[in-house]
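Fold and geometry: a report
Here's the letter readout for the chains.
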Amino acid sequence: MANGATMFVIWKTRELHSPSFTLLFCLAFSDFLVGLLGQPFFVAFKSAELLGKFDAYCKLRLSQFFIGWITGSLSFVILSGVSFDRLLSLKLHLRYTAIITVPRVLTLVASILVSLSILTILKLWLKDNWIIIPATIFSVTSLVTAVSTFQIFQIARKHQRQIFQQNQTMGRPFCRTVDVLKCKKSAVTVLYVYGLMLAFYLPFISVVMSEAILGVTQSVTLAYDVATAIVFINSSLNPFMYCWRMAQIRFAVKNILKNFI
């Protein structure tokens, strides 16, 4: 419901029809799919396992595996995309609106979703070696997020220092300063969301590594199920992070709620 509300306010609020908020919409959509499909399939395959219906268990677990890995990977990729988008807005400046558009962002996200689906299906052929793919995706997205955020902070620090040294008056330079500070705040928000995701994903990552090293055992299987349940909690908390850190989302939600009340 929270992710659905986030998607709804971005869709209904014209001021939020920008590339950066489109990426946020896609991130909320990924979390929405976790709640709509990932969690029910998880409950379904565990129920089938406990009831001894192993034919249904295999089909349901396979479905949950694909949905979980695709949506989880998509969230990490989009988060790194948000931080890179903020960096581009500072680097490109006036050219940003001409180069980065909503249709191009949607096309890119759709392409990423298809690519992640294909990479996840490769599990059927690569077996245990498949773990290299998500490990690479996680490493690359973490690197992109870290480098983009670091450069944003460098640009913001340099720009603020120039403003202070030149003692500029209110005008275009001031507007530019506001843009830089907004990008800096967006980068910090990405770090908060990324840190929250890591906190919930670390147990799962640890279990997957243990499974790769020790193999499939009863204790590892139990830990895998518990870690998966912990991962699911994260998708429900992200929308509250957006409302806390993003005034535009918060005000849009309040306005929509007023109309309903």
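So, how was this worked out
All residue numbers refer to position in the chain's written sequence, counted from 1. Only residues with pLDDT of at least 70 get local features here, since the model is predicted, and only at 80 or more are side-chain atom pairs given and counted; chain-wide, interface and lining totals rely on the full set of residues. Each side-chain value is derived from all of the structure's non-hydrogen atoms; neither hydrogens nor water enter the calculation. UniProt positions are given in the numbering used here, feature names are shortened, and annotations may be inferred rather than shown by experiment. Put simply, DSSP H or I for four residues or longer makes a helix, DSSP E for two residues or longer makes a strand, and each gets a number counted from the N terminus. Partly exposed describes any residue whose relative accessible area lies between the buried limit of under 20% and the exposed limit of over 50%, with all areas from a 1.4 Å probe on protein chains only and scaled to the type maximum. Any two residues whose heavy atoms approach within 4.5 Å are treated as being in contact. Accessibility throughout is a Shrake-Rupley quantity obtained with a 1.4 Å probe, and a residue counts as covered only by protein chains that appear here. The charged-residue count follows a simple rule in which Lys and Arg add positive charge and Asp and Glu add negative charge, with His and chain termini not counted at all. To locate a charge, take NZ of a lysine, CZ of an arginine, CG of an aspartate or CD of a glutamate. Exposure above 30% relative accessible area and no salt bridge define the residues that can form patches, which grow by joining like charges within 9 Å and nonpolar side chains of Val, Leu, Ile, Met, Phe, Trp and Tyr within 5 Å. Salt bridges are defined as contacts in which a side-chain nitrogen from Lys or Arg sits within 4 Å of a carboxyl oxygen from Asp or Glu. In these notes, a set of buried Ala, Val, Leu, Ile, Met, Phe, Trp, Tyr and Cys residues joined through side-chain atoms within 4.5 Å is what counts as a nonpolar core. Helix span, as expected, comes to 1.5 Å for every residue beyond the first. To obtain the bend at a residue, axes are fitted to the seven residues ending there and to the seven starting there, and the angle between these axes is taken. Here, axes are lines fitted to C-alpha atoms. For helices the fit covers the stretch in contact, and angles between N-to-C directions go from 0 to 180 degrees. Should an angle fall under 35 degrees it is taken as roughly parallel, and over 145 as roughly antiparallel, whereas 65 to 115 is taken as roughly perpendicular and any remaining angle as oblique. Each crossing gets its hand from how the near helix is turned against the far one by less than a right angle, where anticlockwise is left-handed and clockwise is right-handed. Ten residue types, Ala, Val, Leu, Ile, Met, Phe, Trp, Tyr, Cys and Pro, are classed as nonpolar, four, Asp, Glu, Lys and Arg, as charged, and the remainder, Gly among them, as polar. Working definition: rings of Phe, Tyr and Trp (its six-membered ring) pair if their centres are within 6.5 Å, and the pair is stacked with planes under 30 degrees apart, edge-to-face with planes over 60 apart, and tilted otherwise. Note on criteria: charge over ring means Lys NZ or Arg CZ within 6 Å of the ring centre, with the direction from the centre no more than 35 degrees off the ring normal.

The name recorded for the protein in an unreviewed UniProt entry is G-protein coupled receptors family 1 profile domain-containing protein, from Porites lobata. Comment text from UniProt for the protein, heading Subcellular location (unreviewed entry), reads "Cell membrane".

Each helix and strand counted, the protein has 10 helices and 0 strands in total. Ordered by position in the sequence, the α and β elements of the protein form the string α-α-α-α-α-α-α-α-α-α. In terms of its C-alpha atoms, the protein occupies a principal-axis envelope of roughly 75 × 45 × 30 Å. Of all 261 residues assigned to the protein, the portion counted as buried reaches 39%. Considering only intrachain contacts with a sequence separation of at least 6, the fraction spanning at least 24 residues in the protein is 76%. For the protein, the computed accessible surface area is about 14,900 Å², with 70% contributed by carbon and sulfur atoms. For the protein, the separation between the mean place of its 24 positive charges and that of its 9 negative charges on side chains is 16 Å.

Let us now look at a nonpolar patch on the surface. There is a patch of nonpolar side chains on the surface, built from Leu62, Val114, Ile118, Ile121, Leu122, Leu124, Trp125 and Leu126 and spanning about 730 Å² of accessible area. Going through the elements one at a time, helix 5 (102–121) and helix 6 (123–126) are the ones with two or more residues in the nonpolar patch. As for its placement among the helices and strands, Leu62 is situated in helix 3 (residues 54–92).

As a further point, take the environment of Val231. Within the secondary structure, Val231 sits in helix 9 (residues 218–245). The buried category is assigned to Val231, whose relative accessible area is 12%. Along the sequence, Val231 and Pro203 sit 28 residues apart, while their C-alpha atoms lie 8.4 Å from each other. Apart from the residues within four sequence positions on either side, Val231 is in contact with Phe200, Tyr201 and Phe204.

Moving on: the nonpolar core. Ranked by internal contacts, the top residues of the largest apolar core, which has 48 residues, are Leu24, Ile78 and Ile249. For this core, the secondary structure elements donating two or more residues are helix 1 (2–12), helix 2 (19–51), helix 3, helix 5, helix 7 (132–166), helix 8 (172–214), helix 9 and helix 10 (247–260). The biggest single contributor to this core is helix 3, with 11 residues.

Now for the UniProt feature "transmembrane region" (unreviewed entry) in the protein. Mapped onto the present numbering, the UniProt feature "transmembrane region" (unreviewed entry) falls on residues 21–45, 65–84, 105–125, 131–153, 191–216 and 222–244. Summarising residues 131–153: 96% helix, 0% strand, and an end-to-end C-alpha distance of 33 Å. Between the C-alpha atoms that bound residues 222–244 the distance is 35 Å, and the span itself is 100% helix and 0% strand.

Turning our eyes to something else, we now look at the side chain of Thr149. Within the secondary structure, Thr149 sits in helix 7. A relative accessible area of 4% means that Thr149 is categorised as buried. Setting aside residues no more than four positions away along its own chain, Thr149 makes contact with Ser83, Ala187 and Leu191.

The next subject is helix 9. With 28 residues, helix 9 ought to run about 40 Å at 1.5 Å a step, and its terminal C-alpha atoms sit 41 Å apart, in line with that. By the largest-angle criterion, Leu237 marks the main kink of helix 9, which is about 30°, and a proline, Pro239, follows within four residues.

At a minimum axis separation of 13 Å, helix 3 and helix 9 run at an interaxial angle of 45°. Compared by their axis directions, helix 3 and helix 9 come out oblique. Both helix 3 and helix 9 take part in a crossing whose hand is left-handed. Contacts between helix 3 and helix 9 involve Arg61, Gln64, Phe65 and Trp69 from the former and Thr221, Tyr224, Asp225, Thr228 and Phe232 from the latter. Each residue belonging to the contact of helix 3 with helix 9 can be placed in one class, and the counts come to 4 nonpolar, 3 polar and 2 charged.

All told, the structure shown has 14 aromatic pairs when counted by the stated rule. Consider the rings of Phe76 and Phe138, whose centres lie 5.6 Å apart with planes at 80°: the pair is edge-to-face. Placement of Phe76 in helix 3 and of Phe138 in helix 7 is noted, with a sequence separation of 62 residues between them. Of the residues examined, Phe138 reaches a relative accessible area of 29% and is grouped as partly exposed. Aromatic side chains Tyr192 and Trp244 sit 5.3 Å apart centroid to centroid with 65° between the ring planes, which places their arrangement in the edge-to-face category. With Tyr192 in helix 8 and Trp244 in helix 9, this pair connects stretches of sequence that are 52 residues apart. Members of the aromatic cluster, joined through ring pairs, are Phe65, Phe66, Trp69, Trp130, Phe204 and Tyr224. Sitting over the face of the ring of Trp244, Arg245 holds its NZ or CZ atom 5.7 Å from the ring centroid. Note that Arg250 overlies the ring of Phe251, its terminal NZ or CZ placed 5.6 Å from the centroid.

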